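Overview (structure and organization)
As a plain string of letters, each chain reads:
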Amino acid sequence: MNNFAIAGVLREIADLLEIKNDNPFKIRAYRNGADIVANHPHDLASLDTPALREIPGIGKDLASRIREIAETGDAQFHRELIAEFPPTILDLLNLQGVGPKTVATFYRELDIRTLDDLERAAHDGRLRALHGMGAKKEALILKALDERKRHAGRHLLPDAHEAAAAIVAFLRERAPAADIMPVGSLRRGCDSCGDLDILASGAETSLMDDFVAYRPVERILGRGDTKSSVLLSGGFQADLRLVPRESRGAAMQYFTGSKAHNIVLRDRAMGLGFKLNEYGLYRSDDNTCVAGEHEEAIYHALGLDWVPPELRESRGEIEAAAAHALPRLVDRADLRGDLHLHSTETDGKDDVRTMAGAARETGLEYIAITDHSKALAMANGLDERRALEHAARIRAADAAGSGVRLLAGIECDIRPDGGLDLADDCLAALDLVVASVHSAFNQDRQQMTDRLLRAIENPHVDILGHPTGRLILRREPYPFDLEAVVEAAARHGVALEINCQVDRLDLNDVHAKLARERGVPIVISSDAHSRHALGTLRWGVVVARRAWLAPQDVLNTRPFAAFKAALRRNR
DNA sequence: GCCGTTTTCGGCCCGACTGTTTTCAGTCG
């Protein structure tokens, strides 16, 4: 059982307890536990009970549940809850406007178990007869059912970014004097976003009228003077919050989250004799406002350095901020090189010269051309002869000068047995080798781990490309022992890549943070297949920031000579 | 269910909006 699967069981327990109207703090404990498990860099199935109990938020009961799930695939407690309610009932919880109380009522009063049951009941007008229900609520549920069918939820970070930027621009035009910005998971740089949170301060309440009249709005979920929610045609939900100017910083803090970060922060505020909400930081005794307009001032009043939004995940940032030990996070401007680019020699859209020109324009000093190897026949992958001829041309172009230094590399396939797709003497003759998995994703955990370890042991491999193979919102990472791979990479001096393709962002934040802590060098690479794709480096930098990486943790922030010297083959 | 430099019991973050209500429950973030 991987962390994801264990977290899934815990989350279902929380959902079912909520439908049962159990102790809300117990429910929170399970939900919190599920988040901890899902985001933990270690494979929790491999830890024993005492080690699990050392994790904050995991106590006696959760530790034994996690052990039980790891060993048997399920928990007795979970089975007992499922026996009380049909498991399909959990689908109802995901509907907009339907919560646990409503689900419980539907089940108890009308024996509604599935989305289909609910739809029939709504059509027949049976819902409105329930206590606390009416015709309006019934219509809302029909709408929610319809929307669920049309678009299921989450979006990639760059898509969310673009949609939010359009709304912000629209609102700024209508309230030029106001301060309007995206907050929420967008501001934290999460790799996917469920909705768009926009904050406006110092605007008239009439801005809400503009917001709900925004052309792409398909449906208004709620409209108030300080908060409104809408559904947009692209499937996004967008929320706009309006606060007075003097509350701008408090609201930025509050609505940026994460929820876990805010809970820790408010807990700290309470302990220090304050109350913190979206309007400000107040002294508990006499309610005087201590801070509100500036986010920095709130953190400072709580004895903390300002925490960059990307770190606000309750992963140790509060403690680090209290100790004045937050890292100086890497910026896009720190990047001097890009180590993973394709050209027309395989499946790229632009030739080496064009890619070099584009790299120079974005301010890079060096790039590696790393076309595919022969196993990727679909991409016209290179065999040994073509790889060496291509390398010779790249080196000639470098000698001729193109404004950036060029490295002749390869993205070499890792075969199912862990062997590399090109002969050792060919790999040795190149400047840089990125090794990547592009096939046989369905191997079991042991096979995949052995495969990656064998690739890392090959002395010609410098970088492991998109190490987990995940595609955001589409494909889970292939199963393997990440810690073993990180340890091996540290031992052999192999760098791990943060691949900037917007649906990869692989390594992710949690894994990259673990790699850094184990002393593994990281590279941030675009994997660009055209000159336009160099812009994606910004998203990899966001992941790196979320992983607490400072410039010195990232190899391609170094000047060309220092970078080359740091490569595994040159050490 | 978790947690503890007062604590092994008794706390646990906070507010807006909607639809159903005559003062509030449920949902959401």
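Everything numeric in this text was worked out from a predicted model, so none of it was measured.

Cut-offs used in this document
- Residues numbered from 1 in each chain as written.
- Chains lettered and ligands numbered in written order.
- Predicted model: local features only at pLDDT ≥ 70, side-chain atom pairs only at ≥ 80, totals over all residues.
- Heavy atoms only, no water.
- Pairing = 2+ DSSP bridges.
- Helix = DSSP H or I, 4+ residues; strand = E, 2+ residues; numbered from the N terminus.
- Contact = heavy atoms within 4.5 Å.
- Axes fitted to C-alpha atoms, helices over the stretch in contact; angles between N-to-C directions.
- 1 Å grid on protein atoms, 1.4 Å probe; cavity = no way out; pocket = protein on both sides within 12 Å on 5 of 7 lines; lining within 4 Å.
- Points joined across faces, edges and corners; volume = space filled by probe spheres on them.
- Nonpolar A, V, L, I, M, F, W, Y, C, P; charged D, E, K, R; others polar.
- Buried < 20%, exposed > 50% of the residue type's maximum accessible area, 1.4 Å probe, protein only.
- Phe/Tyr/Trp six-rings, centres within 6.5 Å; stacked < 30°, edge-to-face > 60°.
- Lys NZ or Arg CZ within 6 Å of the ring centre and 35° of its normal.
- Near = heavy atom within 4 Å.
- Polar contact = N/O pair within 3.5 Å; in protein donor to acceptor, adjacent residues only side chain to side chain.
- Salt bridge = Lys/Arg side-chain N within 4 Å of Asp/Glu carboxyl O.

Observations concerning the sheet that holds strand E15 (residues 463-464)
Across the sheet, which stays open at both edges, the seven strands sit in the order E11-E12-E13-E14-E15-E16-E17 with parallel pairing between neighbours. This sheet does not close on itself; its edge strands, each paired only once, are strand E11 (337-341) and strand E17 (522-525). Of the strand pairs in this sheet, strand E14 (residues 432-436) and E15 are connected by two bridges, and their pairing is parallel. Bridging across to E15, valine 434 finds its partner in isoleucine 463. Against the sheet, helix H23 (residues 537-546) engages E11, strand E16 (495-499) and E17, with an angle of about 150 degrees to E17.

Things to note about empty space enclosed by the protein
Applying the stated rule across the entire model yields one cavity of 30 Å³ or more. Considering only enclosed or pocket space, the largest cavity measures out at about 30 Å³ in volume. Taken together, Asp462, Gly493, Ala495, Pro521, Leu555, Ala566, Leu567, Arg568 and Arg571 make up the full set of residues lining the largest cavity. Within the lining of the largest cavity, the residues separate by chemical class into five nonpolar, one polar and three charged.

Section: unusual backbone geometry
Cis peptide bonds are those with omega within 30 degrees of zero, and the linkage from glycine 257 to serine 258 qualifies with -5 degrees. Cis geometry marks the peptide bond from aspartate 506 to leucine 507; its omega dihedral reads 5 degrees. Of note in the backbone geometry, asparagine 287 takes a positive phi value of approximately 65 degrees without being a glycine. Structurally, the position occupied by asparagine 287 is in the loop between strand E9 (280-283) and strand E10 (289-291). Within the chain, histidine 324 stands out as a residue other than glycine whose phi angle is a positive 55 degrees. Counting through the fold element by element, histidine 324 comes out in the loop between helix H16 (317-322) and E11. On the basis of relative accessibility, which here comes to 56%, the residue histidine 324 falls in the exposed class.

Digging into the packing of aromatic side chains
Scanning the entire structure with this criterion turns up seven aromatic pairs. Ring geometry for tyrosine 366 and phenylalanine 560: centres 5.3 Å apart, planes at 50 degrees, overall tilted. Of this pair, tyrosine 366 sits in strand E12 (residues 366-372) while phenylalanine 560 sits in helix H24 (residues 560-566), and the two are 194 residues apart along the sequence. In this structure tyrosine 366 comes out as buried when scored by relative accessible area, which is 0%. For the cation-ring pair, lysine 513 lies above tryptophan 548, with the distance from its terminal atom to the ring centre recorded as 4.8 Å.

Observations concerning the protein's contact with DNA strand B
The environment of DNA strand B is formed by 48 residues, the closest being Arg28, Gly57, Gly97, Thr102 and Arg266. In DNA strand B, atoms within 4 Å of the protein come from the sugar-phosphate backbone in 75% of cases. One nitrogen or oxygen atom from the main chain of leucine 62 is found 3.1 Å from a phosphate oxygen belonging to DNA strand B. Residue glutamine 237 places a side-chain N or O atom 3.5 Å away from a phosphate oxygen belonging to DNA strand B.

Description of the pattern of salt bridges
Under the definition given, this model contains 44 salt bridges. Notably, a salt bridge pairs glutamate 295 with arginine 187, separated by 2.9 Å at the nearest N-O pair. With glutamate 295 in helix H15 (residues 295-301) and arginine 187 in helix H11 (residues 184-188), the pair connects residues that are 108 residues apart, well separated along the chain. For glutamate 295, a relative accessible area of 2% translates into the label buried. On the accessibility criterion, arginine 187 (17% relative accessible area) is buried. With a closest N to O distance of 2.8 Å, arginine 531 and aspartate 350 form a salt bridge. Here arginine 531, found in the loop between E17 and H23, pairs with aspartate 350, found in the loop between E11 and helix H17 (352-361); they are 181 residues apart in sequence, far enough to count as distant. Connected through salt bridges with shared partners, the residues Arg188, Glu313, Arg315, Asp509 and Arg546 form a single ionic network.

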